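Chain by chain, the residues run as shown.
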Amino acid sequence: MRPLEHKHPRPIRWMHWLNVVLLSGMIWSGLLIYWANDVYNVRLGRRVLFHFFPDWFYNALGLNARLAQGMAWHLFFMWGFALNGLAYVGYTLISGEWRHLVPTRKSFREAWVVVLHDLHLSNVEPPKRKFNAAQQFAYTGVILMGGGSLLTGLAIYKPVQFGWLTNALGGYEWARFEHFALTVGYVLFFLMHITQVIRSGWGNFAAMVCGYELTCSVTQPLTVVTSPVVSLEPHLEQKVAEGAKTREKAELTRAT
Amino acid sequence: MSATPVTSPVNSPVDPEQQLRQMTRRSFAAGGIAALVGATGLWWLKSAQLDDGISWPLRKVLQFNERVSQAYFGPDRLAPTFDVSRAREPRVNGQLGLKKSVDAARWRIDVLSPGEKPVVERSLPIGAIHDLPRFEMVTEFKCVEGWSQVVQWAGARLSDFIEKYGHETPFVGLTTPDRKYYVGLDRASAMHSQSLLAYEMNGEPLTPGHGAPLRLVCPLKYGVKSIKQIGAIQFANNRPADYWAERGYDWYLGH
């Protein structure tokens, strides 16, 4: 019988799902605002490869001529988005959860192993622990992006009272562009996140709702370690049948 | 921190898989209820009665944001200024209340008294503005739509005008001569050193499209507050009407 592992603490689950609503609200109302001056393109030299956004996009989502509404919603959701984000950072710091989330110097190499493995370019399995190094980069990075959105947002919301901030970000127009670019970043994060959640299967997804997951080890409960790149043992034992070759490779990765 | 198994892996009378299924069911039910409550809340926010073009709870949030902004407002904080070489002509984005041509010689600015029934206390010619100390500034004109343009302005400070011809009221309202376009300002923004009654733009007298003979330029607000072709200035104890605030926008719009 496989024991249950407590994977995600309740506050993190609530804040995660609340953020889904808040960030969606911010992006939707942000699009209502952006429509009024949609000047950003992806260009190669002088050729416009993609215009943010084509007419069909605005029409399909009903985003036309709703600037006033967009501003009101954006300046309402901003409080929730900021407070929820600050609460999340505060909680991870106080509870010690940050240890699972923040990458270390050793994480760069491990993240590379994860990328190669997930792209099926290598059979070296990344260590199985709560969050692998690639996840750590992604989840810490997206929190930093959230902080960036708050700062760039404040810089375009109050460019006189926070003139020093607007100035530090390169001026009003740059701050608006940075605010937009971060939003594109969330969309890319979301696509990658959803892909990985689908790949990981139902149990992993349900754990973000109920908090628990069956441990992946049959013989012993998974030990969640605080320092990365230690203890590959439970995983290796599981993989013994797959041959010593994989094991050697994994050991090698660990040693280097 | 090591993971704590809910049940001991050995000697457990409960099947963990069954237990997990039950917990998952409960959590999804709780999540579903929370999502339903949240969706109802958002639907209510969206469809509540309108208060000047936007649902009243959202209007309240805009007013709350205004109080936060005013608490932080520093009268000495200045909008950034730029080198005059960066100044260009801003686009003419609205014609509301504007006449195609104006006769500056016959132009008058009415000064209206505070109170329920405002009376015209003064009717000033454009020369009265030219007689006030002249100031120049190169500031960024920021439109509520999201675009901005560096522009050079010359004119008299609104604060000088108010001190000479006005009243110490908490609000100032400005309108075009035909009253078709109108804006309201809080006193702190009106008295700010960069709030100009401008008569020149980029070294030239204003054109009618840019508000000749006299317009407001307030770099502390979005461009919609920088009313063109000012016909009347009213001193008010209550928040004056504002064209775009009646159409769903924030009344304060302060930077």
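Before going into details, it helps to say that this report is about the structure given with it. (Residues numbered from 1 in each chain as written. Chains lettered and ligands numbered in written order. Predicted model: local features only at pLDDT ≥ 70, side-chain atom pairs only at ≥ 80, totals over all residues. Heavy atoms only, no water.)

1. Topic: the packing of helix H3 (residues 67-95) of chain A against helix H1 (residues 16-47) of chain B
What counts, and what does not: All axes here are fitted lines through C-alpha atoms, helices being fitted over the stretch that makes contact, and every angle between N-to-C directions spans 0 to 180 degrees. Secondary structure follows DSSP: runs of H or I at least 4 residues long count as helices, runs of E at least 2 residues long count as strands, and numbering of each begins at the N terminus. Crossing chirality is assigned from the near helix's rotation relative to the far helix, an anticlockwise turn below a right angle marking it left-handed and a clockwise turn marking it right-handed. Two residues form a contact once any of their heavy atoms are found within 4.5 Å. All residues other than Ala, Val, Leu, Ile, Met, Phe, Trp, Tyr, Cys, Pro, Asp, Glu, Lys and Arg, Gly among them, are scored as polar; the first ten of these are nonpolar and the last four charged.
Remark: H3(A) packs on H1(B), axes separated minimally by 12 Å, with the N-to-C direction vectors making an angle of 145 degrees. Crossing geometry of H3(A) relative to H1(B) is assigned as right-handed. Across the interface between the two elements, A:Trp73, A:Phe76 and A:Phe77 from H3(A) touch B:Leu42, B:Leu45 and B:Lys46 from H1(B). For the contact of H3(A) with H1(B), the class distribution of residues is 5 nonpolar, no polar and 1 charged.

2. Examining the side chain of B:Asp250
All names here are of chain B. Keep this limit in mind: What qualifies as a polar contact is a pair of N or O atoms within 3.5 Å, subject to a donor-acceptor requirement within protein and to the restriction that residues adjacent in sequence count only when both atoms come from side chains.
When you line up the elements, Asp-250 lands in the segment after strand S12 (232-236). Within the local environment of Asp-250, its side chain forms a polar contact with the backbone nitrogen of Tyr-252, the two atoms lying 3.3 Å apart. A polar contact of 2.9 Å, which involves the side chain of Asp-250, links it to the backbone nitrogen of Leu-253. Not counting chain neighbours up to four residues away, the residues in contact with Asp-250 comprise Arg-59, Leu-62 and Ala-245.

3. Considering the interface of chain A and chain B
Our working definition: Put simply, buried area is the surface a 1.4 Å probe can reach on two separate parts but cannot reach once they are joined, added for both. Here, a salt bridge means any Lys or Arg side-chain nitrogen found within 4 Å of an Asp or Glu carboxyl oxygen.
Chain A puts 46 residues into the contact, and the matching count from chain B is 56 residues. On the chain A side of the interface with chain B, the three residues burying the most area are A:Leu4, A:Val160 and A:Gln161, jointly 17% of the side's total. Here chain A is connected to chain B by 0 salt bridges. Of all the secondary structure elements, the ones that give two or more residues to the side of chain A that touches chain B are strand S1 (4-6), helix H1 (10-34), H3, helix H6 (133-157), helix H8 (172-200), helix H9 (202-210) and strand S4 (212-214) of chain A. Broken down by class, the residue content of the side of chain A that touches chain B amounts to 33 nonpolar, 6 polar and 7 charged.

4. Focus: H8(A)
Given 3.6 residues per helical turn, the α-helix brings residues three or four places apart onto the same face. Defined as follows: For a helix, the expected span equals 1.5 Å multiplied by the residue count minus one. Here's how the labels work: a residue is buried when its accessible area is under 20% of the maximum for its type, exposed when over 50%, partly exposed in between, all with a 1.4 Å probe on protein chains only.
In a regular helix each residue adds 1.5 Å, so 29 residues correspond to 42 Å; H8(A) covers 42 Å between its end C-alpha atoms and thus fits that length. Along H8(A), the residues that are buried comprise A:Tyr172, A:Ala175, A:Arg176, A:His179, A:Phe180, A:Leu182 and A:Tyr186. Contacts made by the buried residues of H8(A) are with H1, H3, H6 and helix H7 (163-168) of chain A together with strand S5 (134-142) and strand S6 (148-157) of chain B.

5. Observations regarding the packing of aromatic side chains
Which entries qualify depends on this criterion: For Phe, Tyr and Trp, rings pair up if their centres lie within 6.5 Å, where Trp contributes its six-membered ring, and each pair is then called stacked (planes under 30 degrees apart), edge-to-face (over 60) or tilted (otherwise). Here, over-ring charges are defined by two tests on the NZ atom of lysine or the CZ atom of arginine: distance to the ring centre within 6 Å, and angle to the ring normal within 35 degrees.
Going through the model one piece at a time under the given rule, you end up with 37 aromatic pairs over all chains. Ring centres 5.9 Å apart and planes at 85 degrees place the aromatic pair A:Tyr34 and A:Phe53 in the edge-to-face group. You can see A:Tyr34 sitting in helix H1 and its partner A:Phe53 sitting in the loop between strand S3 (47-51) and helix H2 (55-61), a full 19 residues away along the chain. Given a relative accessible area of 12%, A:Phe53 falls into the buried group. Ring geometry for A:Trp73 and A:Phe77: centres 5.5 Å apart, planes at 25 degrees, overall stacked. Here A:Trp73 and its partner A:Phe77 are both found in helix H3, 4 residues apart, which amounts to about one turn of the helix. The class of A:Trp73 is buried, set by a relative accessible area of 6%. A relative accessible area of 6% places A:Phe77 in the buried class. Here B:Arg157 stacks its cationic end above the ring of B:Phe135, 3.6 Å away from the centre of that ring. B:Arg247 extends its terminal NZ or CZ atom over the ring of B:Tyr243, reaching a point 3.6 Å from the ring centre.

6. Looking at helix H2 (residues 56-72) of chain B
With 17 residues, H2(B) should reach 24 Å at 1.5 Å per residue; the first-to-last C-alpha distance of 25 Å fits that figure. For H2(B), every residue scored as buried is listed here: B:Pro57, B:Leu58, B:Arg59, B:Val61, B:Leu62, B:Asn65, B:Glu66 and B:Ser69. Elements in contact with the buried residues of H2(B): H3 and H6 of chain A together with H1, strand S1 (50-51) and strand S2 (54-55) of chain B.

7. Comments concerning a nonpolar patch on the surface
Basically, it comes down to this: Patch construction takes residues with relative accessible area above 30% that form no salt bridge. Like charges are linked within 9 Å, and nonpolar side chains (Val, Leu, Ile, Met, Phe, Trp, Tyr) are linked within 5 Å. Only the protein chains shown count as cover for residues, with accessible areas throughout obtained via the Shrake-Rupley method and a probe of 1.4 Å.
Taken together, the side chains of A:Val89, A:Leu93, A:Ile94, A:Trp98, A:Val102 and A:Ile143 present a nonpolar region at the surface, about 530 Å² in accessible area. If you trace the backbone, A:Leu93 turns up in helix H3.

8. Concerning the nonpolar core
Which entries qualify depends on this criterion: Residues belong to one nonpolar core when they are buried, are Ala, Val, Leu, Ile, Met, Phe, Trp, Tyr or Cys, and are joined through side-chain atoms within 4.5 Å.
Core analysis: the largest hydrophobic core is formed by 66 residues, its most contacted members being B:Ile129, B:Trp153, B:Leu158, B:Phe161, B:Leu174, B:Leu216 and B:Ile233. Element by element, the count of residues in this core is highest for strand S9 (residues 196-201) of chain B, at 5 residues. In this structure, B:Leu174 is in contact with B:Tyr181, B:Tyr182, B:Val183, B:Leu185, B:Leu216, B:Ile227, B:Ile230, B:Ala232 and B:Ile233, ignoring residues within four places of it in sequence. Ranked by size, the runner-up nonpolar core spans 15 residues in total, among them A:Leu22, A:Leu23, A:Ala72 and A:Phe81.

9. Quick notes on the sheet that holds strand S8 (residues 182-186) of chain B
Residue and element names in this part refer to chain B. Definition in use: In this analysis, strands are considered paired if DSSP registers two or more bridges between them.
The strand order across the open sheet formed by 5 strands is S4-S3-S12-S7-S8, and the pairing between neighbours is mixed. With partners counted over all chains shown, the strands left at the sheet margins are strand S4 (120-125) and S8, one partner each. Across the sheet, the axes of successive neighbouring strands diverge by a mean angle of 20 degrees, strand direction being ignored. Where strand S3 (residues 108-112) and S12 come together, 3 bridges link them in parallel fashion. Following the sheet pairing, Asp-110 is matched in S12 by Ala-232. Strands in contact with helix H4 (residues 158-165) are S3, S4, strand S7 (171-175), S8 and S12; relative to S4, the strand with the most contacts, it is inclined by about 130 degrees.

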